[in-house]
Structures are given as structure tokens and as C-alpha cells.
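Here is what each chain is made of, one letter per residue.
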Amino acid sequence: MSERPTKAILRVLDGEPVWPLPIWIMRQAGRYLPEYRETRKQAGSFLDLCYTPRLAEEVTLQPIRRFGFDAAILFSDILVIPHALGQEVRFVENEGPKLDPVTSAADLSRLSAELPLGRLDPVFETLDRLSSSLPKETTLLGFCGAPFTVASYMIAGKGTPDQAPARLTAYRDPDFMDRLVDILVRASTAYLVRQIDAGAEAVQIFESFGAALPPALFDRLSLDPIRRIVTGLKEARPQARTIVFVRGGGTHLHRFAAAGVGDALALDWTLDPAQVLPQLPGQVATQGNLDPLALIAGGEPLRQGVEHILSAVRNRPHIFNLGHGILPETPIEHVSELVARVRGTGA
């Protein structure tokens with residue numbers, strides 16, 4: 001029998017209710033922190049920040065030093081996989097990622113058949129450094145993007161409001177879409193295995209664009225690819241723990257739970273945990289799901305949002321988080337208040 005973990009988040013991921021709830025925040029290392037903005041200036045480009053282990057380690061540690069979150073998540077980006085596969089990826093200030101679109105079989109043929117993991121050695125070095133520099137009670141998380149979310153960027157060459165280019169491709173050229181998703185499943189699995197080997201104790205799979213998928217495409221492009229990644233990772237590294245976040249996928253949560261996809265399922269802010277959680281098996285861990293705008297607002301909206309979640313998840317294995325990433329305009333003092341309230345030391 002394996003030894004029971006002592007870190008709070010790992011205990012939750014093993015199905016144990018922990019109180020006070022452990023807490024971390026998606027995008028917790030980011031532009032709302034002045035120390036992040038200063039480090040970002042040193043790096044030059046955003047990708048240089050991701051690929052410079054000393055700086056990536058520093059920004060990962062910044063929110064841990066300031067707030068003492070129970071987990072640190074690797075500072076990187078979901079688009080390092082297409083970049084490593086050979087697609088041109090760049091980040092434009094105030095516009096976001098720009099990629100040379102992959103839309104044809106010829107484009108696919110120019111990508112590497114397998115993920116050249118050596119190109120991602122800086123990411124693994126960052127994890128290795130963090131495994132030594134983090135406080136002993138802090139869980140180290142890795143991550144990747146889900147295949148449909150990453151494919152949406154690869155096909156459109158940028159973020160799009162409703163992922164219409166990727167959805168249209170899935171309808172018009174299902175063979176192309178299936179081939180691209182298969183490449184991303186294999187690449188993502190290999191990437192997460194290496195993250196575990198480099199020191200990550202758990203990983204999160206981000207399906208940020210799940211809400212764009214209609215029922216006719218959801219299983220094929222989201223549920224099944226994520227299941228394949230989780231299965232492949234667990235076969236290679238049985239100790240690995242996984243969190244699956246499907247933004248806008250609330251109607252599918254029970255199906256992820258029934259299929260055993262993920263040690264924890266993350267809820268976005270549109271879901272009411274008091275209604276959703278009783279429909280899930282009691283041993284299924286969950287994560288979330290405060291509205292990021294309630295955190296910006298502070299005051300009574302923040303208090304009520306925190307209290308509602310705490311009441312709904314009592315006696316269940318749950319990790320407190322936002323329902324999506326923290327926004328750059330979030331006041332730092334509101335984050336401190338959030339942590340205090342979750343841990344029971346707030347007003």
C-alpha cells in the first residue's frame with residue numbers, strides 16, 4: 001500500500017475531504033502582481049519567459065511567497081506543444097498568441113510526427129528547480145491544454161470567439177481533424193509524463209474552449225481525447241494525479257466522472273456547486289469555482305461567493321479555486337482576503 005500523502009491537495013486528489021480547503025488560483029502567477037510585471041520586462045518576449053528556467057521559476061514562486069497557496073502551477077503556456085512540434089508561435093503584446101495556421105494535410109506533414117521533447121527541456125528544468133525551491137507543503141502542478149483547445153489555436157492561428165474555424169474544420173474535414181487531435185493526444189501524453197518525471201506531483205488539463213463544442217462533436221473532440229491522455233499518463237506513471245477543467249462543460253461532468261476521467265473535475269463559475277455536486281459520486285474530487293469578477297469586486301460579492309462554495313463542498317474532497325483564470329485588474333488585497341476567508345481567518 002502506498003504511503004498516504006501529507007500535502008493537502010494530494011490528499012484531496014486521492015479522494016479525502018480536507019478542511020480548511022486547500023486553495024490555489026488559475027493564472028495565479030500573472031499580470032495582477034507587480035513583481036510579475038517586473039520579471040516579465042527582464043525576459044523580453046513571453047515565450048522567452050516560458051523558456052528561461054530561472055525566470056519561469058521566479059514567477060511561479062511569486063504568488064506562493066505572497067499568498068502561501070497550497071499549490072504552485074508551472075509557469076508556461078499551452079502553446080509550447082505546437083511550438084515544439086514545429087508550428088510558428090509568437091505572442092503579440094495586447095493581442096495574444098499568433099500562429100501560422102495549420103489547415104491542410106500538407107501543413108500537418110510539416111509538423112514533427114512525435115513531440116521532440118528536447119525542445120521542451122527548459123520547461124522540465126523549471127519543474128526540476130521548483131521541486132527543490134518550493135515549500136515542502138506546497139504541491140507542484142504541471143499542465144497542458146486539451147487537444148481541442150490547442151487545435152483551435154493551431155487551425156485559426158489565433159484565439160477566436162466561438163472557435164468557428166476549428167468547428168467548421170471538424171465538419172468539413174473530419175479526417176484532418178482526427179489526425180491533428182491524435183498528434184496532440186500523443187504529444188500531450190508524452191509531455192505530461194516528462195513533467196511528472198521532472199517533479200510535477202499532479203497535472204491539470206485545460207479544455208478552455210469546451211463550451212464551443214456541440215453535443216455531436218463533444219465526445220469525439222473533447223471527452224475521448226482527454227480520456228486517452230489521462231489513461232496514457234496513468235499507464236506510464238501510475239502515481240500521477242490529474243485535474244480536468246472543461247470550461248462550459250457542466251452538462252458533461254457526470255460523464256467524465258462515470259468514465260473515471262481525472263482524479264478531480266474543475267467547475268467553471270457558471271455552475272452552482274450546491275446543485276452539481278450531489279449529482280456526482282461522493283468520492284470524486286472537485287475544484288473551483290468562484291467567479292473571477294466576484295474576486296475583482298470584493299466586499300459582499302466576494303464574501304457571499306466564498307461562503308456559498310464552502311457550504312456546498314463541506315465533507316467532500318474539494319480544492320478551492322476560481323472558475324477560470326484570475327484577471328489582471330484583480331486587486332491584490334482581495335486575493336489576500338480570499339485566502340483568509342477560505343482558511344477561516346477572515347472577518
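Residues numbered from 1 in each chain as written. Predicted model: local features only at pLDDT ≥ 70, side-chain atom pairs only at ≥ 80, totals over all residues. Heavy atoms only, no water.

- An unreviewed UniProt entry lists the chain under the name Uroporphyrinogen decarboxylase, with Microvirga thermotolerans given as the organism.
- Its UniProt record gives the chain the following Subcellular location (unreviewed entry) comment, quoted word for word: "Cytoplasm". (UniProt positions renumbered as here; feature names shortened; annotations may be inferred.)

### Concerning the pairing of strand β5 (residues 202-207)
And step 1. Counting buried residues along β5, six of its six residues qualify, which places the element largely inside the surrounding structure.
And step 2. Of the pairings in the sheet, the one linking strand β4 (residues 139-145) to β5 comprises five bridges and is parallel in character. Residue pairing for β5: Leu 141 is matched across the bridge by Ala 202.
And step 3. Relative to strand β6 (residues 241-246), β5 is paired through six bridges, and the arrangement is parallel. Its bridge partner being in β6, Phe 206 is matched across the sheet by Phe 245. (Buried < 20%, exposed > 50% of the residue type's maximum accessible area, 1.4 Å probe, protein only. Helix = DSSP H or I, 4+ residues; strand = E, 2+ residues; numbered from the N terminus. Pairing = 2+ DSSP bridges.)

### Focus: the UniProt feature "binding site: substrate" (unreviewed entry) in the chain
And step 1. The residues that UniProt annotates with the feature "binding site: substrate" (unreviewed entry) are Arg 27, Gln 28, Ala 29, Gly 30, Arg 31, Asp 77, Tyr 153, Ser 208 and His 324. Over a stretch of 298 residues, the named residues are scattered through the fold, their C-alpha atoms separated by up to 22.7 Å. Residues from the annotated list that form part of the lining of the largest pocket: Arg 27, Gln 28, Ala 29, Gly 30, Arg 31, Asp 77, Tyr 153, Ser 208 and His 324.
And step 2. Within the fold, Arg 31 resides in the loop between α1 (8-13) and α2 (34-43). (1 Å grid on protein atoms, 1.4 Å probe; cavity = no way out; pocket = protein on both sides within 12 Å on 5 of 7 lines; lining within 4 Å.)

### Considerations on the sheet that holds strand β1 (residues 71-73)
And step 1. Judged by pairing direction, the sheet is parallel, and its seven strands sit side by side in the order β1-β4-β5-β6-β7-β8-β9 without closing on themselves. Looking at the sheet topology across the chains shown, the edges are occupied by β1 and β9 (318-322). Neighbour to neighbour, the strand axes of the sheet diverge by 25° on average, direction disregarded.
And step 2. Two strands pair when backbone bridges link them, and β1 and β4 are joined in this way by three bridges, in the parallel orientation. In the strand pairing of β4, Ile 73 is matched with Leu 141. (Axes fitted to C-alpha atoms, helices over the stretch in contact; angles between N-to-C directions.)

### Quick word on the UniProt feature "domain: Uroporphyrinogen decarboxylase (URO-D)" (unreviewed entry) in the chain
And step 1. As annotated in UniProt, the feature "domain: Uroporphyrinogen decarboxylase (URO-D)" (unreviewed entry) corresponds to residues 22-31 and 141-157 in the numbering used here.
And step 2. Secondary structure across residues 22-31 divides into 0% helix and 0% strand, with the first and last C-alpha atoms of the span separated by 23 Å.
And step 3. The distance from the first to the last C-alpha atom of residues 141-157 is 28 Å, and the span holds 59% helix and 29% strand.

### Looking at unusual backbone geometry
And step 1. At the junction of Trp 19 and Pro 20, the peptide bond is cis and its omega measures out at -5° in the coordinates.
And step 2. On the secondary structure map, Pro 20 appears in the loop between α1 and α2.
And step 3. Non-glycine residue Arg 27 carries a positive phi angle of around 60°.
And step 4. Among the secondary structure elements, Arg 27 is positioned in the loop between α1 and α2.
And step 5. If you check the backbone angles, Asn 315 has positive phi at about 75° while not being a glycine.

### Comments concerning the layout of surface pockets
In this approach the atoms are scanned with a rolling probe the size of a water molecule, which exposes any empty space left behind.
And step 1. The computed volume of the largest pocket comes to approximately 1,600 Å³.
And step 2. Taken together, 49 residues form the lining of the largest pocket, with Arg 27, Arg 31, Phe 46, Asp 77 and Phe 91 sitting closest to its centre.
And step 3. Secondary-structure elements contributing two or more residues to the lining of the largest pocket are α2, β2 (89-92), β3 (96-99), α8 (147-156) and α14 (292-297).
And step 4. Considering only residue class, the lining of the largest pocket consists of 27 nonpolar, twelve polar and ten charged. (Points joined across faces, edges and corners; volume = space filled by probe spheres on them. Nonpolar A, V, L, I, M, F, W, Y, C, P; charged D, E, K, R; others polar.)

### Points about the nonpolar core
And step 1. Residues Phe 69, Tyr 191, Phe 320 and Leu 338 are the most contacted members of the largest nonpolar core, which totals 128 residues.
And step 2. Considering every element that reaches this core, the biggest residue donor is helix α10 (residues 174-198), with 13 residues.
And step 3. Excluding its chain neighbours within four sequence positions, the residues that come into contact with Tyr 191 are Leu 74, Ser 76, Val 80, Ile 81, Leu 115, Leu 117, Leu 120, Val 123, Phe 124, Phe 143 and Cys 144. (Core = buried A, V, L, I, M, F, W, Y, C linked by side-chain atoms within 4.5 Å. Contact = heavy atoms within 4.5 Å.)

### Some points on the packing of aromatic side chains
Two measures describe an aromatic ring pair: the distance that separates the ring centres and the angle between the ring planes.
And step 1. Within the structure shown, the criterion is met by ten aromatic pairs.
And step 2. Each ring, one from Tyr 153 and one from Phe 209, has its centre 5.4 Å from the other, and the planes form 40°; the classification is tilted. With Tyr 153 in helix α8 and Phe 209 in the loop between β5 and α11 (215-236), this residue pair connects regions lying 56 residues apart in the sequence.
And step 3. Residue Tyr 153 is classed as buried on the basis of its relative accessible area of 16%.
And step 4. An aromatic cluster of three or more residues is present, and its members are Tyr 36, Phe 46, Phe 75 and Phe 91.
And step 5. Seen from the ring of Trp 19, Arg 314 lies directly overhead, with NZ or CZ sitting 3.9 Å from the centre. (Phe/Tyr/Trp six-rings, centres within 6.5 Å; stacked < 30°, edge-to-face > 60°. Lys NZ or Arg CZ within 6 Å of the ring centre and 35° of its normal.)

### Regarding the environment of Val 185
And step 1. With respect to the secondary-structure elements, Val 185 resides in helix α10.
And step 2. Sequence-wise, Val 185 and Pro 215 are 30 residues apart; in three dimensions their C-alpha atoms are separated by 20 Å.
And step 3. Once residues within four sequence positions are removed from consideration, Val 185 is found in contact with Pro 147, Pro 225, Arg 228 and Ile 229.

### Points about helix α9 (residues 164-172)
And step 1. When α9 is considered as a whole, its buried residues turn out to be Ala 166, Thr 169 and Ala 170. Axial view of α9: buried residues confined to an arc of 100°, hence all on one face. (Arc of directions from axis to C-beta.)

### What to know about the pattern of salt bridges
And step 1. All told, the structure shown has 24 salt bridges when counted by the stated rule.
And step 2. For Asp 14, the salt bridge goes to Arg 241, with nearest N and O atoms at 2.8 Å. In this pair, Asp 14 sits in the loop between α1 and α2 while Arg 241 sits in strand β6, placing the two residues 227 residues apart along the sequence.
And step 3. Asp 14 gets classed as partly exposed once you look at its relative accessible area, which sits at 45%.
And step 4. Through salt bridges with shared partners, a single ionic network connects Glu 114, Asp 182, Arg 186 and Arg 228. (Salt bridge = Lys/Arg side-chain N within 4 Å of Asp/Glu carboxyl O.)

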